[in-house]
Amino acid sequence: MKIFIAGICGTFMAGIAQLGRDSGCRVRGCDAAVYPPMSALLESQGIEIAPGYRPEHLGDDPGTVIIGNALSRGNALVEAVLNRGLAFCSGPEWLRRTVLTGRPVIAVAGTHGKTTTSSILAWILQCNGDAPGYLIGGQPGNFARSACLGGGRHFVVEADEYDSAFFDKRAKFVHYHPHIAVLNNLEFDHADIYDDLGQIIRQFHHLVRLVPGRGCVVVNADDARLAEVMAMGCWSRRVGFSIREGSEAEWRAVPVSDDFSRFDVLHHGRSAARVDWRCIGKHNMQNALAAVAAAAQAGVPAAPACASLSGYLAPKRRLQLLFQSDGLSLYDDFAHHPSALRETLGAVRARHPGSRVIAIVELRSNTMKAGAHGVRLTRALACADCTIVSGAAGDSLPGGGQGGGDILLIDHADEILCALQQQLGKLDGEAVVITMSNGDFGGLARRIANFLGAGA
């Protein structure tokens, strides 16, 4: 069987390529932006990648063409597929039909934390004898690949609410028909797809409707919007988790350390296990709790699940420490939403109390660039002592640059490095620099690491 993947270097589609190859398919593909790490990962597995979306990349017999959601009508390759009458489908449709059918699926959904929670869950299952299949939208620290068929019973999939393809505007996750659905949180995002929060709530409701009666929905009991989703109907067992003090949720986490790297897990109010791991931040504690609660539904008790976390390695670009020397630390993070920015900056402050925090943020997502988050974005950025913002346009950053020099609007990498050097020159104590973007940021984090290393 042959498949050709248009948009193969995206994290989701690269996962589809790996699963296709594992399934015995001959896999080829193309993308507008062919660059490491995904291009290197795919090429190491013998998957041919062509640059650009030229129709000739298809060849005479491409097999089924899997079209990524970044492509739309007017794209030369899309037009060629339609004009030639070639078989095509979306990535989520192919995944359901070829990989997920017949396996208990654990789908991890939410505005934030999907990649981390999915990788935690896959690692817990791996450590406890399941050898799950998985598709994770990032590079997990404990696995060499972002997707694998696995030899075990379960399949863990990062379940995105973004649309499936230009011809299928449903959320990706409605294709997965999970036995266990994990709902981490819900906020407004993807302003290019959804007009308002109500439309996203409706999509999450559609996901809940697909969980069988013998399955379960593992839901964040602290999230008011998820409460709205559940109020619309739930036909499966409901398992709640919470990090709120005094909550009566079935699963709770109680921090033991200020940076949340140690916490107790409670089940029905009784201590079940303690977690002591490398990750920091309240949001990561919540991600871990969601994974432990879901793993329990898959047959892994809390004690061995929590013990597994001592060996857990976060995915790349999830508060990844790139450089540390003489009171100066550099992190790289994927945060690209006001809530995620705020939580990440809070985690850094807890780990480095008293340090000056310098955030370098790229407004890359369509929602960010459109200014859909309004003043919430500016307030989140104010959690840093100084923020350098790239990609701000129009009213995407209300009040930006008006805070006494705390927020600097700079687009070019060389100018960002110059501004950073000036900020570091003012220091009389320790500092933390953190780059934050849901893209490669033009390799800026690596450039800063080299710059800091040269000056060390």
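Cut-offs and rules
- Residues numbered from 1 in each chain as written.
- Predicted model: local features only at pLDDT ≥ 70, side-chain atom pairs only at ≥ 80, totals over all residues.
- Heavy atoms only, no water.
- Helix = DSSP H or I, 4+ residues; strand = E, 2+ residues; numbered from the N terminus.
- 1 Å grid on protein atoms, 1.4 Å probe; cavity = no way out; pocket = protein on both sides within 12 Å on 5 of 7 lines; lining within 4 Å.
- Points joined across faces, edges and corners; volume = space filled by probe spheres on them.
- Nonpolar A, V, L, I, M, F, W, Y, C, P; charged D, E, K, R; others polar.
- Pairing = 2+ DSSP bridges.
- Contact = heavy atoms within 4.5 Å.
- Axes fitted to C-alpha atoms, helices over the stretch in contact; angles between N-to-C directions.
- Patch = residues over 30% accessible without salt bridge, like charges linked within 9 Å, V, L, I, M, F, W, Y side chains within 5 Å.
- Areas by Shrake-Rupley, 256 points an atom, 1.4 Å probe, with all protein chains shown as cover.
- Salt bridge = Lys/Arg side-chain N within 4 Å of Asp/Glu carboxyl O.
- Parallel < 35°, antiparallel > 145°, perpendicular 65-115°, else oblique.
- Left-handed = near helix turned anticlockwise from the far one by under 90°.
- Buried < 20%, exposed > 50% of the residue type's maximum accessible area, 1.4 Å probe, protein only.
- Arc of directions from axis to C-beta.
- Polar contact = N/O pair within 3.5 Å; in protein donor to acceptor, adjacent residues only side chain to side chain.
- pLDDT = per-residue confidence, 0-100.

## A look at the environment of Cys127
Within the element layout of this structure, Cys127 appears in helix α5 (residues 114–127). Separated by 286 residues in the primary sequence, Cys127 and Ala413 have C-alpha atoms spaced 42 Å apart.

## Some details on the layout of surface pockets
Its boundaries defined by the atoms lining it, the second largest pocket holds a volume of some 390 Å³. Lining of the second largest pocket is provided by 18 residues; of these, Arg278, Ala314, Leu319, Gln320 and Leu321 occupy positions nearest its centre. For the lining of the second largest pocket, a count of residues per class yields 9 nonpolar, 5 polar and 4 charged.

## A word on the sheet that holds strand β16 (residues 262–267)
If you trace the 10 strands from one edge of the open sheet to the other, you get β8-β7-β9-β6-β12-β13-β14-β15-β16-β17, paired in mixed fashion. Either end of the sheet is taken by a strand with one partner, and the two such strands are β8 (147–148) and β17 (270–276). Bridge count for strand β7 (residues 133–135) against β8 is 2 bridges, and the pairing is antiparallel. Note on β8: the bridge partner recorded for Tyr134 is Cys148. Strands in contact with helix α7 (residues 224–231) are β12 (180–183), β13 (216–220) and β14 (237–242); relative to β13, the strand with the most contacts, it is inclined by about 150°. Its contacts with the sheet place helix α8 (residues 282–297) against β12, β13, β14, β15 (251–255) and β16, and it is angled at close to 145° to β15.

## Overview of a nonpolar patch on the surface
The grouping of Leu82, Phe88 and Phe167 at the surface amounts to a nonpolar patch, some 220 Å² of accessible area in total. Locating Leu82 in the fold gives a position in helix α3 (residues 76–84).

## Quick look at the packing of helix α6 (residues 197–209) against α7
For the pair α6 and α7, the least separation of the axes is 9 Å and the interaxial angle reads 55°. As summarised for this structure, α6 and α7 are arranged oblique, according to the angle between their axes. α6 and α7 meet at a crossing whose hand is right-handed. In this structure, α6 contributes Leu197, Ile201, Phe204, His205 and Val208 to the contact, and α7 contributes Arg225, Leu226, Glu228, Val229 and Met230. In the contact of α6 with α7, the residues fall into 7 nonpolar, 1 polar and 2 charged.

## A closer look at α3
Leu77, Val78, Ala80 and Val81 are the residues of α3 that are buried. For α3, the arc enclosing every buried residue in end-on projection is 160°, short of the 170-degree limit, so these residues lie on one face. Between a side-chain oxygen at the N-terminus of α3 and the backbone nitrogen of Leu77 the separation is 2.9 Å; the capping residue is Asn75. Phi turns positive, to about 70°, at Gly85, one or two residues after α3.

## Quick word on the confidence of the model for the protein chain
On average, residues of the protein chain carry a pLDDT of 89, and 93% of them reach 70 or more. Scored below 50 in pLDDT, residues 400–405 shows 4 contacts in the model against residues more than four places distant or in partner chains.

## A closer look at the pattern of salt bridges
For the coordinates displayed, the defined rule picks out 15 salt bridges. Across the pair Arg97 and Glu93 runs a salt bridge, and its minimum N-O distance is 3.3 Å. Here the residue Arg97 and the residue Glu93 both occupy positions in helix α4 (residues 91–100), the gap between them amounting to 4 residues, near one helical turn. Exposure remark for Arg97: the relative accessible area of 45% places this residue in the partly exposed category. Residue Glu93 is classed as partly exposed on the basis of its relative accessible area, which comes to 28%. Among the ionic pairs, Asp385 bridges to Arg349, the shortest N-O distance being 3.1 Å.

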